[in-house]
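Structural features, examined
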Amino acid sequence: MFRSIILRSVLPLLVAAGVVAYFGLPYIDRLLRDWFSTDMQVRARLVMTSLEDALPPLVERDDLAALGNFANKVTLDQRLLGLLICRPDGQLLFETARASAAVSCADTLPIADGRSAVLHSGSGSVLVSMFGQTPRGQPPYRVGIVYDMSFADRRQNTARDYVIAFAGLSAMLLALMLVLAAWLLLRRWANILIRDISGRRFLDDAQSPPLWMPVLRQVRKVLHEMEESQRLEMDYRENWTPQALQLVVREQLHSPKMVVVSNREPYIHDFASDGRITMQVPASGMVTALEPVMRACSGTWVAHGSGSADREVVDRHDRLRVPPEDPSYTLRRVWLTDEEEEGFYYGLSNEGLWPLCHLAYVRPSFREEDWDAYRAVNRKFAEVVVREAGANDPVILIQDYHFAILPGQLRPRRPKATVLLFWHIPWPNAETFGVCPWKSEMLSHMLMADVLGFHTLYHCQNFLSTVDRFIECQIDQERMTVALQGHVCHVNAYPISIEWPPRWAATAPDVGQCRRSVRRRFGIREHVTLGLGVERWDFTKGVIERFHALELLLDQRSQLRGQVTLLQIAAPSRSKLPAYKALQEGTLAEAERINVRFGTADWQPIVLVGQHQPPEQVFELYRAADFCIVNSLHDGMNLVAKEFVAARDDEDGVLILSTFTGASRELLEALLINPFDVTETADAMLRAMQMPREQRQERMRLMRRSVKENNVYRWAGRMLMDAARIRQRQALQNVEAAPLSQRRRMS
Ligand code: GDG
């Protein structure tokens, strides 16, 4: 491109300058010569005027010596060569030495009186001006004043050199200006054109290709970006990816400081029995969902450092970069005392709010000291978040029921922050929530968030009617907003999901191999149908209920004994709490009872693994199973169901799913059951065992498409796009509210 600009504009200009110089120089020469001649003539006339009075008596006396002296005085001017005095017929009367060397009286005959002519002699050119004199009583004579024209030649040459240099330089300068103007015009044109086509701004200042980059390459680069961006925009609807999410953060939120806050940390470091430090990814739906989002967006994740070796691996600011294999964000650990953990985590969060929000019929406990600890820990996190957020207007994503009052604690400290609170568990109806002794304080603090997210519309509506019942505020049911003390909170449903494609898919063995390896590991024979359950060991997940359903099935259909095994992974969770301890004991006892009742030497109806499994092994289990059962009594979403579907790239396997999970709103091709109905659950197990392969595949195909489209990048992307819209609206309101003088400064 640069070469072509040179060829097309600079060269023609230089050629034009050459042509002008070639044809113009003789003209300039003539012009200069005329100027000098005229100048000489004027000078000659002046000299003649000064001679006019003194000359006639000297000529009359023929006093050559006096004439010589007189002439010497007059010809002090270096350029004046001398004088000639001739008779009109060419006879010499007098001449100075330098004049005679250049010209004779005979040479001057063609020059009329009062005229000048340039004559050329061996020593150079001279200008001779002739003046006729007719003194009274004397014969006429002519005075020739001879000027040296060689200085004019020299000047002419210098002047010509200057003219050529000036013309050349001007041409160069013009060419350069032309190139620069063309460059800037093209750049602007390309930018405007592309922006017009796309309706968006692609070249923001930070991203603009450097000025020196050839225009065509710049245009190509911008077109490429546009194409990429359009592809990502199409992806928004069908195929959300980490790149699409990054684009939202960059383009719509303008890359703010992102801070995620949760109780559970994504990586836990513990001391093993031999003293080594081990690392574990906890069994947590929140971590499963948020971790890939943070990998894509980066930023800081603030969480409770709960591992026994957590302090060993952080820096002096309690931070460490994760994930260990490819660090892309910062984990900032917050330390809690045993008392804080007791009241905040075990107490109010898991003995109060967790059972309150899940209709699993476990009675919530509310203790004043737990509430105090809850408030204190929220305050502690608020301090850390404010410090980590640094900037004035960060985006803060608060996770779950552990931090219901955090939005209210952050708002006064960071009024310009965009605060999102996502509630990972169900929201009960107003009546149920009404039993919480601190409901008003909790709700009004929650409403200080800008965005309040739930998995389903149903939970949103429950929340709005709870707020309506207990808080003095303005609710816009249509827009789902709540205005409280001048702050507007947007309530919306964002169904959470998992990363797509799943991380382990690239390295997992094929399904056949997974089946063989899992069966070998757990002693399950080839012909036995393998049912799978994977959960955090929690009373909401319906583990004992599914055992009862299997028992009923085996009881009613004795031919199925020896034909089906339920492999149950139960990762211990909140084991300190009485309800969870009782659940674990109850689960173990029920599994044993059923195994004793039906089991044989080479077959067990239930294989219960009460231990946390590495995530890649969980993935292998999903691939090995014939059916997966998710019969939660109540579940915000349930990611196990989605993980099972995502793991089945062989498009096989049956999902049994509780209608009391958020996931059942999306995975309609699962066998949907009421988990409280043991018979229905048992029937679903039977259907799963008997379902023809084509039907299994058709259902799985449809569910896979749904999980792929509604993946976790879409979940985060939709929330962040809403956050971006709110930020833009707030910025506009600030501008409109500002006094005119301030507005001018802003713009
Ligand atoms: C809450 C809401 C909502 C389980 N055992 C192991 C293990 N897991 C993983 C699963 C899954 C996660 O734990 C459980 O996710 P869920 O969504 O089922 O449930 P919660 O932890 O209760 O999560 C829930 C979720 O938040 C997200 O919003 O869906 O409704 O209750 O990813 O794979 N992971 C490993 N070993 C195990 O033994 N590594």
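Calculation criteria
Residues numbered from 1 in each chain as written. Predicted model: local features only at pLDDT ≥ 70, side-chain atom pairs only at ≥ 80, totals over all residues. Heavy atoms only, no water. pLDDT = per-residue confidence, 0-100. Contact = heavy atoms within 4.5 Å. 1 Å grid on protein atoms, 1.4 Å probe; cavity = no way out; pocket = protein on both sides within 12 Å on 5 of 7 lines; lining within 4 Å. Points joined across faces, edges and corners; volume = space filled by probe spheres on them. Helix = DSSP H or I, 4+ residues; strand = E, 2+ residues; numbered from the N terminus. Nonpolar A, V, L, I, M, F, W, Y, C, P; charged D, E, K, R; others polar. Buried < 20%, exposed > 50% of the residue type's maximum accessible area, 1.4 Å probe, protein only. Polar contact = N/O pair within 3.5 Å; in protein donor to acceptor, adjacent residues only side chain to side chain. Salt bridge = Lys/Arg side-chain N within 4 Å of Asp/Glu carboxyl O. Disulfide = S-S within 2.5 Å. Phe/Tyr/Trp six-rings, centres within 6.5 Å; stacked < 30°, edge-to-face > 60°. Near = heavy atom within 4 Å. Areas by Shrake-Rupley, 256 points an atom, 1.4 Å probe, with all protein chains shown as cover. Pairing = 2+ DSSP bridges. Axes fitted to C-alpha atoms, helices over the stretch in contact; angles between N-to-C directions. Core = buried A, V, L, I, M, F, W, Y, C linked by side-chain atoms within 4.5 Å. Domains from an automatic or database assignment.

1. Focus on the confidence of the model for the protein
Looking at the protein, pLDDT values average 89 and 90% of them are 70 or higher. Every residue in residues 198-206 scores below 50 in pLDDT, and together they form 19 contacts with partners more than four places removed in sequence or on other chains.

2. A closer look at empty space enclosed by the protein
Considering all chains together, one arrives at two cavities of 30 Å³ or more under this definition. One number sums up the size of the second largest cavity: a volume of about 40 Å³. Lining the second largest cavity, in full, are Met258, Leu290, Val293, Leu397, Trp715, Ala716, Met719 and Leu720. Top element by residues in the lining of the second largest cavity is helix α23 (residues 712-737). It accounts for four residues. Its residues assigned to classes, the lining of the second largest cavity comprises eight nonpolar, no polar and no charged.

3. Structural notes on helix α20 (residues 639-647)
Among the nine residues of α20, nine are classified as buried, and the element is accordingly described as predominantly covered. Contacts from the buried residues of α20 go to α9 (285-297), β18 (529-536), α19 (615-624), β21 (627-630), β22 (654-658) and α22 (693-709). The N-cap residue of α20 is asparagine 638: its side-chain oxygen and the backbone nitrogen of valine 640 are 3.0 Å apart.

4. So, the pattern of salt bridges
Charged atoms that come close allow side chains of opposite charge to pair. With the rule as written, the count across this model stands at 43 salt bridges. Here glutamate 666 makes a salt bridge to lysine 642, at a shortest N to O gap of 3.0 Å. One end of the pair, glutamate 666, is in the loop between β22 and β23 (671-673); the other, lysine 642, is in helix α20, and 24 residues separate them in sequence. Here glutamate 666 and lysine 642 have matching classes, each one buried. A cluster of three or more residues bridged by salt bridges with shared partners is formed by Glu291, Arg295, Glu325, Glu499 and Arg503.

5. A word on the state of the cysteines
Cysteine pairs can be covalently joined through their sulfur atoms, and such a bond is termed a disulfide. Following the criterion strictly, the structure yields one disulfide and no others. Lacking any disulfide linkage, cysteine 473 is separated from the closest cysteine sulfur, that of cysteine 489, by 9.9 Å.

6. Thoughts on the packing of aromatic side chains
Throughout the structure, instances matching the rule amount to 19 aromatic pairs. For the ring pair tyrosine 361 and phenylalanine 676, a centre distance of 6.0 Å and an interplane angle of 75 degrees mean the geometry is edge-to-face. Placement of the pair is tyrosine 361 in the loop between α10 (338-357) and α11 (368-389) and phenylalanine 676 in the loop between β23 and α21 (678-690), with a sequence separation of 315 residues. Since its relative accessible area comes to 66%, tyrosine 361 is described here as exposed. For phenylalanine 676, a relative accessible area of 41% puts it in the partly exposed group. Geometrically, the ring pair formed by tryptophan 371 and tryptophan 438 is stacked, given 5.1 Å between the ring centres and 10 degrees between the ring planes.

7. Points about unusual backbone geometry
Note the cis peptide between valine 322 and proline 323, where omega equals -10 degrees. Among the structural elements, proline 323 can be located in the loop between β10 (319-322) and β11 (329-334). Note the cis peptide between tryptophan 500 and proline 501, where omega equals -5 degrees. Its place among the elements puts proline 501 in the loop between β17 (487-493) and α16 (511-522).

8. Let's talk about the site of the ligand
In the region of the ligand, 27 residues are neighbours, and Thr288, His424, Gln613, Asp635 and Glu643 sit closest. Contacts to the ligand include lysine 541, whose side-chain N or O atom sits 3.0 Å from an oxygen atom. Contacts to the ligand include aspartate 635, whose side-chain N or O atom sits 2.4 Å from an oxygen atom. Protein contacts shield 96% of the accessible area of the ligand, which totals 730 Å² for the unbound molecule. Where the shell around the ligand is concerned, the elements lending two or more residues are α9, β18, β19 (564-571), α19 and α20. Looking at the shell around the ligand, its residues break down into 13 nonpolar, nine polar and five charged.

9. Some words on the sheet that holds strand β6 (residues 258-262)
Strand order in the open sheet formed by 10 strands is β10-β11-β9-β6-β12-β13-β14-β17-β16-β15, with mixed pairing between adjacent strands. Edge positions in the sheet fall to β10 and β15 (474-476), since each has one partner strand and no second. The mean inter-strand angle of the sheet, taken between neighbouring strand axes irrespective of direction, is 20 degrees. Both β6 and strand β9 (residues 300-304) contribute to a ladder of four bridges, which runs parallel. In the sheet register, valine 261 faces β9, and the bridge partner there is valine 302. Contacts from α9 reach β6, β9, β11 and β12 (395-399), with the element oriented near 150 degrees to β9.

10. A few points about the nonpolar core
Within the largest apolar cluster, 107 residues are counted, with the highest numbers of intra-cluster contacts made by Trp301, Leu567, Phe627, Leu655, Ile656, Trp715 and Leu720. The element contributing the most residues to this core is α23, with 10 residues. The residues that make up this core include at least three from each of domain 3 (243-335 + 377-493) and domain 4 (509-710). Formed by 68 residues, the second largest nonpolar core is a distinct cluster that contains Leu336, Ala389, Leu421 and Met442.

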